[in-house]
Each structure stands twice: as C-alpha cells, then as structure tokens.
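Observations on the model geometry
Here is how the chains run, residue by residue.
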Amino acid sequence: MSSTTAEKLADLRARLEQAQDPGSERAREKRDAAGLTSPRQRINRLLDKGSFVEVGALGRTPDEPDAPYGDGVVTGYGRIGGRPVAVYAHDKTVYGGSVGVTFGRKVCEIMDMAIKIGCPVIGIQDSGGARIQDAVTSLAMYSEIARRQLPLSGRSPQISIMLGKCAGGAVYAPVTTDFVIAVEGRAEMYVTGPDVIKEVTGEVITSAELGGALQQAHNGNVSYVATDEEDAFNYVHDLLDHLPLTCHEPGPQFWAPSDDAVSADEALDSFMPDDTNAGYDMHDLLGKLFDDDNFLEIQGEFAQNMITGFARIDGKSVGVIANQPLVYAGCIDADAADKASRFIRICDAYNIPLLFVVDTPGYLPGVDQEKQGLIHRGAKLGFAVVEATVPKVSLIVRKAYGGAYAVMGSKNLTGDINLAWPTAQVAVMGAAAAVVMIQGRQLAAAPPEQRDYLKKIFMDFYDENMTSPYVAAERGYIDAMIAPSETRIALRQAFRQLETKQEETLAKKHTIMPM
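Bear in mind that the values here come from a model prediction, so they are computed numbers and not experimental data. (Residues numbered from 1 in each chain as written. Predicted model: local features only at pLDDT ≥ 70, side-chain atom pairs only at ≥ 80, totals over all residues. Heavy atoms only, no water.)

1. A look at the environment of Ala-483
Just so we agree on the cut-off: Strands here are runs of E lasting at least two residues and helices are runs of H or I lasting at least four, both read from the DSSP assignment and numbered beginning at the N terminus. Relative accessible area decides the class of each residue, using a 1.4 Å probe on protein chains only: under 20% of the type maximum gives buried, over 50% gives exposed, and in between gives partly exposed.
Mapping Ala-483 onto the fold places it in the loop between β17 (480-481) and α19 (487-497). Taking relative accessible area as the criterion, Ala-483 reaches 28% and is therefore assigned partly exposed. Between the C-alpha atom of Ala-483 and that of Leu-268, which follows or precedes it by 215 residues, the distance is 8.5 Å.

2. Concerning the pairing of strand β15 (residues 417-420)
The condition that has to hold: Note on handedness: a clockwise path from strand one over the helix to strand two, with the strands aimed away from the viewer, defines a right-handed crossover. Whether two strands pair depends on DSSP finding at least two bridges between them.
Burial along β15 is two-sided: Ile-417 and Leu-419 facing one way and Asn-418 and Ala-420 facing the other are all buried. Handedness of the crossover joining strand β14 (residues 392-401) and β15 through helix α15 (residues 402-407) is recorded here as right-handed. Across 2 bridges, β15 lies against β17 in parallel orientation. When the bridges of β17 are listed, Leu-419 appears paired with Ala-480.

3. A few points about the sheet that holds strand β5 (residues 158-162)
Each strand in a sheet pairs with its neighbour through backbone hydrogen bonds, running either in the same direction (parallel) or in the opposite one (antiparallel). In plain terms, the rule: Simply put, an axis is a line fit to the C-alpha atoms, just over the touching stretch for a helix, and the angle between two N-to-C directions goes from 0 to 180 degrees.
One open sheet accounts for 7 strands, arranged β1-β2-β3-β4-β5-β7-β9; its pairing is mixed. Edge positions in the open sheet fall to β1 (53-55) and β9 (224-226), since each of these has one partner strand only. Each strand of the sheet is rotated relative to its neighbour by a mean of 20°, with strand direction disregarded. Taken together, the 4 bridges between β5 and strand β7 (residues 179-183) define a ladder with parallel strand orientation.

4. Some words on the nonpolar core
Test applied: As used in this record, nonpolar core signifies buried Ala, Val, Leu, Ile, Met, Phe, Trp, Tyr and Cys residues forming a set joined through side-chain atoms within 4.5 Å. Boundary definitions for the domains trace back to an automatic or database domain assignment. Any pair of residues with heavy atoms lying within 4.5 Å of one another is described as a contacting pair.
Judged by nonpolar contacts, the single largest core of 62 residues is most densely connected at Leu-46, Ile-122, Leu-239 and Phe-310. Looking at this core element by element, the count peaks at 7 residues for helix α12 (residues 334-349). Summarising the domain contributions, this core has at least three residues from each of domain 1 (14-242) and domain 2 (259-424 + 478-498). Discounting residues that sit within four places of it in the chain, Leu-46 has contacts with Ile-80, Val-87, Ile-122, Ile-124, Ile-161, Phe-233, Val-236 and His-237. Within the second largest apolar cluster, 30 residues are counted, among which are Phe-290, Phe-295, Leu-491 and Ala-494.

5. Some remarks on the domain arrangement of the protein
Each assigned domain of the protein is listed with its residue range as follows: domain 1 (14-242), domain 2 (259-424 + 478-498) and domain 3 (430-467). One C-alpha centre belongs to domain 1, the other to domain 3, and the line joining them spans 60 Å.

6. A short note on the packing of aromatic side chains
The following threshold applies: Note on aromatic pairs: the rings of Phe, Tyr and Trp (six-membered ring only in Trp) are paired at centre separations within 6.5 Å, and the planes decide the class, stacked below 30 degrees, edge-to-face beyond 60, tilted for the rest. In this scheme, the term charge over a ring applies when either NZ of a lysine or CZ of an arginine sits within 6 Å of the ring centre and within 35 degrees of the ring normal.
The tally for this structure, following the rule as stated, stands at 5 aromatic pairs. Note on Phe-179 and Phe-310: the rings are 6.4 Å apart at their centroids and 65° apart in plane angle, and the pair reads as edge-to-face. With Phe-179 in strand β7 and Phe-310 in strand β11 (residues 306-313), this pair connects stretches of sequence that are 131 residues apart. On the basis of an interplanar angle of 15° and a centroid distance of 6.4 Å, the ring pair of Phe-290 and Phe-295 is categorised as stacked. Residues Phe-290 and Phe-295 agree in their burial class; the two are buried. Each residue in the set Phe-179, Phe-310 and Phe-343 is aromatic and connected to the rest through ring pairs, giving one cluster. Positioned above the aromatic ring of Phe-254, the side-chain terminus of Arg-312 is 3.9 Å from the ring centre.

7. Here's the deal with the pairing of strand β4 (residues 121-125)
Burial of β4 is extensive: 5 of the 5 residues sit out of reach of the surface. Here β4 shows a buried face lined by Val-121, Gly-123 and Gln-125 and a second buried face lined by Ile-122 and Ile-124. Bridging between strand β3 (residues 83-90) and β4 involves 4 bridges; their strand directions are parallel. Each bridged residue has a counterpart across the sheet, and for Ala-86 the counterpart in β4 is Val-121. Where the polypeptide runs from β3 across helix α4 (residues 101-117) and back to β4, its parallel neighbour, the crossover connection is right-handed. Of the pairings in the sheet, the one linking β4 to β5 comprises 5 bridges and is parallel in character. Within the sheet, the bridge partner assigned to Ile-124 lies in β5 and is Ile-161.

8. Some thoughts on the packing of α12 against helix α14 (residues 374-387)
For clarity, the threshold we go by: Throughout, the term roughly parallel applies to angles under 35 degrees, roughly antiparallel to angles over 145, roughly perpendicular to angles from 65 to 115, and oblique to all others. Here a crossing is called left-handed whenever its near helix is offset anticlockwise from the far helix by less than a right angle, and right-handed whenever the offset is clockwise.
Where α12 contacts α14, the axes come no closer than 8 Å and their chain directions differ by 20°. As judged from the angle between their axes, α12 and α14 are roughly parallel. Handedness of the α12/α14 crossing: left-handed. Along the contact surface, α12 presents Ala-334, Asp-335, Ala-337, Asp-338, Ala-340, Ser-341, Ile-344, Arg-345 and Asp-348, while α14 presents Leu-374, Arg-377, Gly-378, Lys-380, Leu-381, Ala-384, Val-385 and Glu-387.

9. A short note on the pattern of salt bridges
Opposite charge on two side chains makes pairing possible when the charged atoms of those side chains draw close. To be explicit about the condition: Here, a salt bridge means any side-chain nitrogen of Lys or Arg that lies within 4 Å of a carboxyl oxygen of Asp or Glu.
All told, the structure shown has 27 salt bridges when counted by the stated rule. Note that Glu-229 is salt-bridged to Arg-186, the shortest N-O span being 3.0 Å. Of the two residues, Glu-229 sits in helix α10 (residues 229-240) while Arg-186 sits in the loop between β7 and β8 (188-190), which places them 43 residues apart along the sequence. By relative accessible area, which is 12% here, Glu-229 ends up buried. On the basis of relative accessibility, which here comes to 25%, the residue Arg-186 falls in the partly exposed class. Arg-475 is the salt-bridge partner of Glu-474, the closest N and O atoms lying 3.8 Å from each other.

10. Quick notes on helix α3 (residues 39-46)
Residues three or four positions apart in an α-helix share a direction because the helix packs 3.6 residues into each turn. So the rule is basically this: Each direction from the helix axis to a C-beta atom contributes to the arc, which is the arc of those directions.
Buried within α3 are the following residues: Pro-39, Arg-40, Arg-42, Ile-43 and Leu-46. When α3 is viewed along its axis, its buried side chains cluster within an angular range of 160° and face the same direction.

11. Quick notes on a nonpolar patch on the surface
Note the cut-off: Like-charged residues are merged into a patch within 9 Å and nonpolar side chains (Val, Leu, Ile, Met, Phe, Trp, Tyr) within 5 Å, provided each residue has over 30% relative accessible area and no salt bridge. Under the convention used here, a 1.4 Å probe and the Shrake-Rupley method define accessible areas, while residue burial counts only the protein chains that appear.
A surface patch of nonpolar side chains, amounting to about 290 Å² of accessible area, comprises Leu-9, Leu-12, Leu-16 and Leu-58. Mapped onto the fold, Leu-16 is located in helix α1 (residues 5-20).

12. Concerning the side chain of Asn-305
Along the chain, Asn-305 falls in the loop between β10 (296-298) and β11. Excluding residues within four positions of it along the chain, Asn-305 makes contact with Ala-322, Asn-323, Gln-324, Val-327, Tyr-328, Gly-330, Cys-331, Ile-332, Asp-333 and Ala-336.

13. Examining unusual backbone geometry
Outside of glycine, negative phi angles account for most residues, and trans bonds account for most peptide bonds. For Asp-71, which is not a glycine, the phi torsion comes out positive at approximately 60°. A residue is classified by how much of its surface remains accessible, and Asp-71, at 0% relative accessible area, is buried. In the Ramachandran plot, Asn-351 falls in the positive-phi region, its phi being about 60° despite a non-glycine side chain. Looking at the secondary structure, you find Asn-351 in the loop between α12 and β13 (354-360).

Encoded structure:
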C-alpha cells in the first residue's frame, strides 16, 4: 500500500491512466479492428476542444476488486459553442456497455446536475442493454435514469446519438429524449431482437431490416439519419444552435441582414404553378423565405407529406411546419399529424416561434387512415396548435381546405397572424370534391355530352366565389394579402410584432391529449 505522497500520486496517475481505456485487450482490439472510436474520442469530437471535465472515471462495480474502471460509461460536462452541456457515452469494451449499478449512478449524477444548473443532456448510445448478472439492480438503474428524464423534459434539451445496437430496455431512454440522431449502417434499435422474434412468432428478419437507422426513421423513431459519426456530431451542433439551454432562457441569436438589405425576391412572384393541381417541392420554397437557405429538417424520412424543422428569421430560430405537395398532394395523414404535433410541442416548450407554410387539400381520406386512427391522431395536431402559447404565424401559399386549414395555424385555432399569397385557396373543400357534393345529382341527370362543360362552369364559379382568399380576408380570417416577393420582410415584421406576446393559461394540473 502506498505510504508516501509521491507514491500516492503515482498510484493515482496509474489508476487514471488505466481508466482512460479500461476495456480488456481483446475488446479494445476488436473495436480498433472495426475502425470504431472510443467513448472519450467521441466526446472530445462532440465538445469544444479541451472543455470536457470527466466525472466518475474511477467508478466501478462494487465488491469486485478486478472490475474495470468506468463500469461501461464515460460521464461528465463540457461545452458546445461555448455553452454548457452534460454528456455521457457508452463504452462497449466494458461489459458490452450494459447498464449496471455504477453505470446508472454515474448517468443519474450528471442528469441531476443538468437539472440543477440548466443545460442540455447528450447521450452517445452504444449499449448492450441490461446487465444480466446484475439482475434487478440493472432494471432499477434503467428506471432511475428514466425518472430523471421527466424533470428535464421540456426544461432542457435532451439529445441521443445512436452509434450502435440499442435493444430492449436500453431503447426506451433514447426515444424519450427530444431528438434522436442515428448513424446509418451502425445504429440498430428494437425492443425485441430477431432471434427472439423468430423463436416466438416464427418471423425471420435481419437486425438491420428490423431496426436499422433508416428503417427506424421511416417508423418515426429517428430525427435524423447521419452518414457517419462526423455527420451526427455536426448535426447536433446545428441543432443546439437553434435551442436554448433551458426553457427559461432565450435561444442563440445569429447575425441577420438588415431590412434594407432584404430585397424583394421577384422570382417568388412566379414560383407557384398556374395549374392548382401541379406539384412542386416545398423545400425549394422554404429555402427562399429565411435569413439563408439553411433549413435543419427534423424527421425528414418520416411522414414526408409534412415537413418540420428549424430555420432563422431576423437572426432568431423559428420552428417550421409545412405541407409537401409532392407527397399525397400535401394531405395530412395520421403519421403527419403525429409528426407535426410533437414538433409543435417541442418548439412551444423551448419558446421557439412557429411558422406554418400551408398548401394542403385536407386530411387524407381512406379506409386505411381510419384504421390507423386518423380521428384521434389528427385531433392531436389541432390540440397541439391550441396548446402552444408561442407566437404563431401562418403563410397560405396555395390550398388550405377543411380541417387541415384549421390545424395549420388558422386564426380560429389561435394562430396570431395569418398571411396569404394571391394564389391561396381557402375553403371547406376543393372544387373537384365540391362539385360531387353539391352538384352530383344535377350532373348525373344532365346529358352525358354536357356533363364536362357543366362541371367546369360550376368549378370555375366555386373557385371564384368560394375558394378566393379575398373572401377569407374580407371576413378577417387573413390579416394581410401579400405579394410572394414581399414574403421575407413580411415574416420578419410579423415575428417582431409578436416578440412580446404573453398568453395566460387557466390554472390546472395538465391537459389530456385526445385518445
């Protein structure tokens, strides 16, 4: 046993050196042969250079003298863009990155600190799941980690970076966070693995097909599919640039051109096709509306008929919800409603204003949609819009029909400012559907050779008198009709007007989401 101070210092240095990469030689060789990075390399790449301060480096399984240091996770604090974050990274070379008692206590420690000081929590996930030999203790640690996610939820951002397999109980913590970034070809997520599924149900499927990054993105469980670790870390940096440290603080503000420098974009005046049924890519339009063309999309692989993401107007972050005419003509289906309602709640939690860019012919009809619960899932979107108290601006660029019009930031569902292009169409339904509902019997009774002519006359009359945006403007449902070329400056002015918005809510415990 060390007796002198020098010997004690030497012992400390030796222990800390051992803790730097504590896995077995075989496990480290396997990692290195696969070209994978260590947890500390990952943390150092994610954080500002030299900012990482580790906590619990010498922690290990109790009552096991030969237990490796770290217990399968590296935890600590650092900075990204000069702002504080708490971070943890699984170490696959120690117990396969599985959760044990010390592992759980280390993660809980930094989560508790994040709750106290108010900062984001980032987890780099590469876990073997529960530590079987720890039995109920491992399950208890899962629960302790999950319990701390609730006070953090909506208070400080929580981000998960998936760099390996994450199965069983290990998958619930990351999908409970605000954002999940998964690396294609590396990340796999599922509750039950292929072997168990085959044993229980007889279904045969590979782990990549079951829970690969792209597959889980299509399932709605991933915010962004990264091509590699570098891409994943860069995305997290971009994401944090749009988010505050806590819900009580303003988000980052970036340089923006002055109003005088924001000239009218004449190209927007001819952007919308003359044919109201012609498709176009909403992404092409979004790139022309903000301070720059940097649009950070969230859940881009899921429910692609609805686009969600972050942009900047006047140097400040805004959350964007936009219909995509190229997919289902912009109709809102059950998945799109879920996607938009969750994104709205994220923005509202962190006081990020909302911009709705509207071109939708309605909710998607069909037997399959009814089976998927479009009634209650669609209702959640309207519920989320009304519940949100942040500034809400709606820009109607073309179709805004029926209930879909209502939930896309309409004034009647608490939208603050509604703007519309002259190409906007606001109505209960489109002319094609209306002619069937209103004139169906008359058309059926008319001579066949006259039906197309009579149908066109009715549709032209309907479009002129029932879908015209000026009808909505006359009744006060649209605040301003604007030329498309004036959109950038109009959006700036709208959000400036709403900067000091305050909305009182009735005292109660919490709302109850639709079924």
